[in-house]
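Structural characterization, general
The residues making up each chain are set out below.
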Amino acid sequence: MFIVFEGIDGTGKSTQVNLLADALRQQGREVVTSKEPTDGPHGTRLRQSADTGRLSPQEELDLFHLDRKEHIANLIKPSLERGAVVILDRYFFSTMAYQGVRGFDPLEIRRINEEFAPLPDHVFILELDLDTALDRIGVRDGEANEFEQRESLQKCHEVFAALDDDFIHRVDAGQTPEKVHERVLSHLS
Ligand code: TMP
């Protein structure tokens with residue numbers, strides 16, 4: 001089973017990844033958790049660029065794709081093949097949203113990704129109003145960096161809101177983490 005959490009910054013994705021991983025492990029399943037961008041060389045470069053100066057849109061898009069290809073080959077595919085549950089904090093839906101903001105067509109990004117990236121069984125979109133998201137980011141980071149500007153997040157939200165596949169589940173992330181987790185479990189059961 002391949003599960004992805006998506007949503008704008010501040011929606012509590014990593015908390016939900018951990019809560020779900022713990023719950024599934026208690027059922028005796030092998031669970032692998034990970035995130036994108038990864039801690040590999042491309043992902044590290046992407047994270048550093050948020051502080052040291054933003055890359056060009058094309059360079060950034062290329063790096064996200066390279067990072068994902070390595071992630072799939074090194075971790076996602078082998079884990080799924082041996083029967084583990086894989087839970088990710090962000091996947092190509094984030095590329096549609098965030099690189100969509102930088103001028104690329106989200107549907108074209110999706111088409112490119114579907115050529116190499118396996119489709120998840122479940123994608124949870126954590127939804128939160130912008131003010132709450134910005135407050136949470138402020139508390140978390142001290143200051144909002146360029147990635148986290150209001151206008152960009154609004155556009156990202158719109159890309160996530162337009163996703164309409166059977167495997168997409170929307171969950172109100174304004175509730176307590178425990179309530180959000182309960183909603184996630186109810187979708188899975
Ligand atoms: P995070 O570690 O807080 O999730 O931050 C990662 C940032 O990278 C976040 O602002 C979203 C951004 N991002 C993209 O722009 N494109 C992508 O494909 C992914 C996975 C993340």
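You'll find the structure just up there.
Just so we're clear, the structure is a prediction, and the values are computed from it rather than from any experiment. (Residues numbered from 1 in each chain as written. Predicted model: local features only at pLDDT ≥ 70, side-chain atom pairs only at ≥ 80, totals over all residues. Heavy atoms only, no water.)

**Observations regarding the packing of helix 2 (residues 41-52) against helix 3 (residues 57-81)**
At a minimum axis separation of 8 Å, helix 2 and helix 3 run at an interaxial angle of 145°. Seen from above, helix 2 lies across helix 3 with left-handed handedness. Contacts from P41, H42, G43, R45 and L46 of helix 2 reach helix 3 at E59, E60, L63, F64, L66, D67 and E70. Its residues placed into classes, the contact of helix 2 with helix 3 shows 5 nonpolar, 2 polar and 5 charged. (Axes fitted to C-alpha atoms, helices over the stretch in contact; angles between N-to-C directions. Helix = DSSP H or I, 4+ residues; strand = E, 2+ residues; numbered from the N terminus. Left-handed = near helix turned anticlockwise from the far one by under 90°. Contact = heavy atoms within 4.5 Å. Nonpolar A, V, L, I, M, F, W, Y, C, P; charged D, E, K, R; others polar.)

**Remarks on the pairing of strand 4 (residues 122-127)**
Consecutive side chains of a regular strand alternate in pointing toward one face of the sheet and then the other. Taken across its 6 residues, strand 4 has 5 buried, putting it largely inside the fold. Pairing geometry for strand 1 (residues 2-6) and strand 4, over 4 bridges, is parallel. Note that in strand 4 the partner of I3 across the bridge is H122. (Buried < 20%, exposed > 50% of the residue type's maximum accessible area, 1.4 Å probe, protein only. Pairing = 2+ DSSP bridges.)

**Re the pattern of salt bridges**
Inspection of the entire model under this criterion finds 14 salt bridges. Between E36 and R68 there is a salt bridge, and its shortest N-O distance comes to 2.6 Å. Placement of E36 in the loop between strand 2 (31-35) and helix 2 and of R68 in helix 3 is noted, with a sequence separation of 32 residues between them. Note on accessibility: E36 and R68 belong to one class, buried. E151 is the salt-bridge partner of K155, the closest N and O atoms lying 3.6 Å from each other. A residue pair is termed a helical-turn pair when its members lie 3 or 4 positions apart in one helix, as K155 and E151 do in helix 7 (residues 150-162) at 4 residues. Put simply, R54, E60 and R102 are held in one network by salt bridges that share partners. (Salt bridge = Lys/Arg side-chain N within 4 Å of Asp/Glu carboxyl O.)

**Here we look at the environment of K155**
According to the relative accessible area criterion, K155 is partly exposed, its value standing at 38%. In sequence terms K155 and D129 are 26 residues apart; their C-alpha atoms lie 13 Å from each other.

**Notes on the site of the ligand**
In the neighbourhood of the ligand, 12 residues make up the surrounding shell, with R47, R90, T95, Y98 and Q99 lying closest. One of the side-chain N or O atoms of D9 is found 3.2 Å from an oxygen atom in the ligand. Taking R68, its side chain carries an N or O atom lying 3.3 Å from an oxygen atom of the ligand. Relative to its unbound accessible area of 480 Å², the ligand is 87% covered by the protein chains. Counting residues per element, the ones that place at least two in the shell around the ligand are helix 3 and helix 4 (92-101). Here the element with the most residues in the shell around the ligand is helix 4; it accounts for 4 residues. (Near = heavy atom within 4 Å. Polar contact = N/O pair within 3.5 Å; in protein donor to acceptor, adjacent residues only side chain to side chain. Areas by Shrake-Rupley, 256 points an atom, 1.4 Å probe, with all protein chains shown as cover.)

**A word on the packing of aromatic side chains**
We describe a pair of aromatic rings using the distance from one ring centre to the other and the angle between the two ring planes. Following the criterion strictly, the structure yields 6 aromatic pairs and no others. A cation over a ring is seen here: K69 above F116, with NZ or CZ 4.8 Å from the ring centre. (Phe/Tyr/Trp six-rings, centres within 6.5 Å; stacked < 30°, edge-to-face > 60°. Lys NZ or Arg CZ within 6 Å of the ring centre and 35° of its normal.)

**Section: the side chain of E6**
Mapped onto the elements, E6 comes out in strand 1. We note that E6 is buried and unpaired, the nearest opposite charge coming from R90 at a distance of 4.3 Å. Within the structure, E6 has its side chain in polar contact with the backbone nitrogen of F93 (distance 3.5 Å). Sequence-distant contacts of E6, that is, excluding residues within four places in its chain, are made with K13, R90, Y91, F92, F93, S94, V123, F124, I125, L126 and F160. (Lys, Arg positive; Asp, Glu negative; His and termini not counted.)

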